[in-house]
Amino acid sequence: MSVAENLAEIRSRIDELARSAGRNPEEVKLIAVSKTKPVSLIKEAVAAGALDLGENKPQEIVSKYPEFEGDSVRWHMIGHLQKNKVRHIIDKAELIHSVDSLALAEEINKRAEAIGKIQKILIQVNVTGEDSKSGVSPDDAAELCREISKLNNVRIMGLMTISVSGYTYEENRSVFDSLAVLAARIDDMKIDNVSMKELSMGMTHDFDAAIAAGATMVRVGTAIFGARDYGAKNNAN
Ligand SMILES: *Cc1c(COP(=O)(O)O)cnc(C)c1O
């Protein structure tokens, strides 16, 4: 199957899942996760209308960015971001999904201010509590939002989470429901400059449960571009 065919299939699946959850399909944005994939393949996706692209490494955004300058694509930083890499992507990222500390938000704020930008961000929450995973704990998320809300050049748009690979539909659903409940709770606090409009959750194997739980952004890589080859040079993750 071609990238365009994969995209068409995923879009119709998203449509169907949204409708069966009683939601408007237009509320669910598909982010095509292009990490490790070559420009030629990503161009196929862009030609088929996938204009929101997700990458988990700053250097991949930096190297791919110039190849798409005429294409009006929006780059989403979805992976762990080190403070010293922020300056490389600050002018390129539409949305940074993976903010999980005040220190990182402060660095983003500083770099955004320097270029006169208000950087949209999501707070990454570690719902499942695994040590290996990035993200603020659910208990600390509201306080982190409150602190970050004081920064003038970042704007919190919602929350992001990653479930556990191998989880069943029901297990994923429970993770994503927890994120939605947390977002509603933070929204109720009416913190200035904090929106809980976006819920970035769901990947190839669990976007069904995420859409049922209220995802507004699903991040899909494998189902669009095929399996990733982490053995390839410079692709180590
Ligand atoms: C790689 C990645 C995805 C996409 O995963 P697939 O299983 O290939 O759909 C989504 N979100 C994040 C944070 C990722 O790193």
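Residues numbered from 1 in each chain as written. Predicted model: local features only at pLDDT ≥ 70, side-chain atom pairs only at ≥ 80, totals over all residues. Heavy atoms only, no water.

S.K.: Which residues make up the overall build of the chain, and what values go with them?
M.R.: Each helix and strand counted, the chain has nine helices and eight strands in total. Here the C-alpha atoms of the chain give a radius of gyration of 17 Å, agreeing with the 18 Å that 2.2 N^0.38 yields for 237 residues. When each of the 237 residues of the chain is scored for burial, the buried share is 49%. Here the chain displays about 11000 Å² of accessible surface, and carbon together with sulfur accounts for 47% of that area. (Helix = DSSP H or I, 4+ residues; strand = E, 2+ residues; numbered from the N terminus. Rg over C-alpha atoms; globule rule 2.2 N^0.38 Å. Buried < 20%, exposed > 50% of the residue type's maximum accessible area, 1.4 Å probe, protein only. Areas by Shrake-Rupley, 256 points an atom, 1.4 Å probe, with all protein chains shown as cover.)

S.K.: Explain the nonpolar core to me, using residue names and the numbers behind them.
M.R.: Across soluble globular proteins, nonpolar side chains have a tendency to be buried as a group. Counting 64 residues, the largest nonpolar core has I108, I123, I148, L159 and I186 as the members making the most contacts within it. Apart from the residues lying within four places of it in its own chain, the contact partners of I186 are A141, A142, C145, L159, I191, V194 and M196. If you look at the next biggest cluster of nonpolar residues, it comprises six residues, including L95, M157, M160 and M217. (Core = buried A, V, L, I, M, F, W, Y, C linked by side-chain atoms within 4.5 Å. Contact = heavy atoms within 4.5 Å.)

S.K.: Give me the lowdown on the environment of L41, citing residues and values where you can.
M.R.: Here L41 shows up in helix α2 (residues 39–47). Separated by 136 residues in the primary sequence, L41 and D177 have C-alpha atoms spaced 34 Å apart. Leave out the neighbours within four places in its chain, and L41 touches V3 and F225.

S.K.: Any details on the packing of aromatic side chains? Residues and values, ideally.
M.R.: The description of an aromatic ring pair rests on the distance of the ring centres and on the angle between the ring planes. A complete count under the given rule lists one aromatic pair for this structure. With a centroid separation of 5.6 Å and an interplanar angle of 75 degrees, the aromatic rings of F68 and W75 are classed as edge-to-face. The pair formed by F68 and W75 is uniform in burial state, with each residue classed as buried. One residue, K43, lies across the ring of F68, its end atom 4.6 Å from the ring centre. (Phe/Tyr/Trp six-rings, centres within 6.5 Å; stacked < 30°, edge-to-face > 60°. Lys NZ or Arg CZ within 6 Å of the ring centre and 35° of its normal.)

S.K.: Any details on the side chain of S98? Residues and values, ideally.
M.R.: Within the fold, S98 resides in strand β4 (residues 93–99). The exposure class of S98 is buried, given its relative accessible area of 2%. From its side chain, S98 meets the backbone oxygen of G79 in a polar contact 2.6 Å long. In contact with S98, not counting residues within four places along its chain, are M77, I78, G79, H80, L81, L104, L122 and Q124. (Polar contact = N/O pair within 3.5 Å; in protein donor to acceptor, adjacent residues only side chain to side chain.)

Such coordinate-based values are descriptive only and should not be taken to indicate function.
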